[in-house]
Amino acid sequence: MLSDLSAAVAPIDIFAIASRKDVVAALAKVRNGVITGEGPTAGGRVHFSRMLDSTDTSWCVHLLTAAAVDNQPVSREEAEALFEINDAATERSDDGRFDDLFAKAIVHHAASASGLPVPARRIALAPDTDIESWAPTRAVGVNIEVLEWIANQMRGKRRSNRQLMALVASLIGAATLPLAHLPNVLDLGM
């Protein structure tokens, strides 16, 4: 993947990433490149507007797993930036890699925000790591507010992530949620 990034003039210095705030700012550049098909992350290659390709996904992977943030959980702001990239990309040509990364990063955030242990990002977000090997499979201990936030982010979106929807649905199905919360959480836009 690094070769995908070094083929173009590096618009983002991965080694300069010092915080999750830096990751959010860099993910915004990726989103802008996806939207316009232009800009620093699209430089040196043919890139169509609203298309997410393997290089865009490589940028996301490298940003999210930068050494400075690897042992920190995915933040709400990083998760929101990924939702924005997901929404911006109406077409995909990355063989599902972004969808996998997206689902894992959102669940990494949800689990950690709920006080549950999560592995380092380089492990949790790796394409060869099954999300089921570390993600919660029961809602016991998962923060209801976080589940509602995910459901609100997914509600009404034209592109859904089946892996994320299935995991959230299984959490809700196993949940001991008060019935008053179910209408807010169950409408996932399926």
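Note: the structure precedes this text.
Residues numbered from 1 in each chain as written. Predicted model: local features only at pLDDT ≥ 70, side-chain atom pairs only at ≥ 80, totals over all residues. Heavy atoms only, no water.

1. Some thoughts on helix α3 (residues 54-64)
Most of α3 is tucked away, with 10 of its 11 residues classed as buried. Restricting attention to buried positions, one finds in α3 the residues Thr55, Asp56, Thr57, Ser58, Trp59, Cys60, Val61, His62, Leu63 and Leu64. (Buried < 20%, exposed > 50% of the residue type's maximum accessible area, 1.4 Å probe, protein only. Helix = DSSP H or I, 4+ residues; strand = E, 2+ residues; numbered from the N terminus.)

2. Examining the nonpolar core
Judged by nonpolar contacts, the single largest core of 35 residues is most densely connected at Leu27, Val30, Leu63, Leu82 and Ile85. For this core, the secondary structure elements donating two or more residues are α2 (20-36), α3, α4 (76-88), α5 (97-113) and α7 (144-154). Those residues within four positions of isoleucine 85 in sequence are excluded, and the remaining contacts are Leu27, Val30, Arg31, Leu52, Cys60 and Phe98. Grouped together as the second largest cluster of nonpolar side chains are five residues, Val107, Ala124, Trp134 and Ala135 included. (Core = buried A, V, L, I, M, F, W, Y, C linked by side-chain atoms within 4.5 Å. Contact = heavy atoms within 4.5 Å.)

3. Section: the environment of phenylalanine 98
Looking at where phenylalanine 98 falls in the secondary structure, it is placed in helix α5. Separated by 13 residues in the primary sequence, phenylalanine 98 and isoleucine 85 place their C-alpha atoms 9.6 Å from one another. Those residues in contact with phenylalanine 98 that sit more than four places away from it in its chain are Leu52, Thr57, Cys60, Leu82, Ile85, Asn86 and Arg92.

4. Looking at the pattern of salt bridges
Between side chains of opposite charge, a pair can form as their charged atoms come close. Taken as a whole and judged by the stated rule, the model has seven salt bridges. Residue arginine 122 pairs with aspartate 70 through a salt bridge whose shortest N-O separation is 2.1 Å. Placement of arginine 122 in helix α6 (residues 121-124) and of aspartate 70 in the loop between α3 and α4 is noted, with a sequence separation of 52 residues between them. The exposure class of aspartate 70 is buried, given its relative accessible area of 6%. (Salt bridge = Lys/Arg side-chain N within 4 Å of Asp/Glu carboxyl O.)

5. What to know about the packing of α4 against α5
As a packed pair, α4 and α5 sit with axes 9 Å apart at the nearest point and diverge in direction by 155°. With respect to each other, α4 and α5 are oriented roughly antiparallel. Taken as a pair, α4 and α5 cross one another with a handedness that is left-handed. Facing Arg76, Ala79, Leu82, Phe83, Ile85 and Asn86 of α4, the residues of α5 in contact are Phe98, Asp99, Phe102, Ala105, Ile106 and His109. Of the residues in the contact of α4 with α5, the class split is eight nonpolar, two polar and two charged. (Axes fitted to C-alpha atoms, helices over the stretch in contact; angles between N-to-C directions. Parallel < 35°, antiparallel > 145°, perpendicular 65-115°, else oblique. Left-handed = near helix turned anticlockwise from the far one by under 90°. Nonpolar A, V, L, I, M, F, W, Y, C, P; charged D, E, K, R; others polar.)

6. Concerning the packing of α4 against α7
Describing two packed helices takes the angle between their axes plus the distance from one axis to the other. Remark: α4 packs on α7, axes separated minimally by 11 Å, with the N-to-C direction vectors making an angle of 20°. Compared by their axis directions, α4 and α7 come out roughly parallel. Judged by the twist between their axes, the crossing of α4 over α7 is right-handed. Side by side, α4 and α7 meet where Arg76, Ala79, Glu80 and Phe83 of the first sit next to Glu145, Val146, Trp149, Ile150, Gln153 and Met154 of the second. Considering only residue class, the contact of α4 with α7 consists of six nonpolar, one polar and three charged.

7. Things to note about the packing of aromatic side chains
The full count for this structure, using the stated rule, is three aromatic pairs. Their ring planes at 85° and their centres at 4.9 Å tell us that phenylalanine 83 and phenylalanine 102 sit as a pair that is edge-to-face. Of this pair, phenylalanine 83 sits in helix α4 while phenylalanine 102 sits in helix α5; the two residues are 19 residues apart in sequence, bridging distant segments of the chain. In terms of burial, phenylalanine 83 and phenylalanine 102 fall into one category: buried. Each ring, one from phenylalanine 98 and one from phenylalanine 102, has its centre 5.8 Å from the other, and the planes form 15°; the classification is stacked. (Phe/Tyr/Trp six-rings, centres within 6.5 Å; stacked < 30°, edge-to-face > 60°.)

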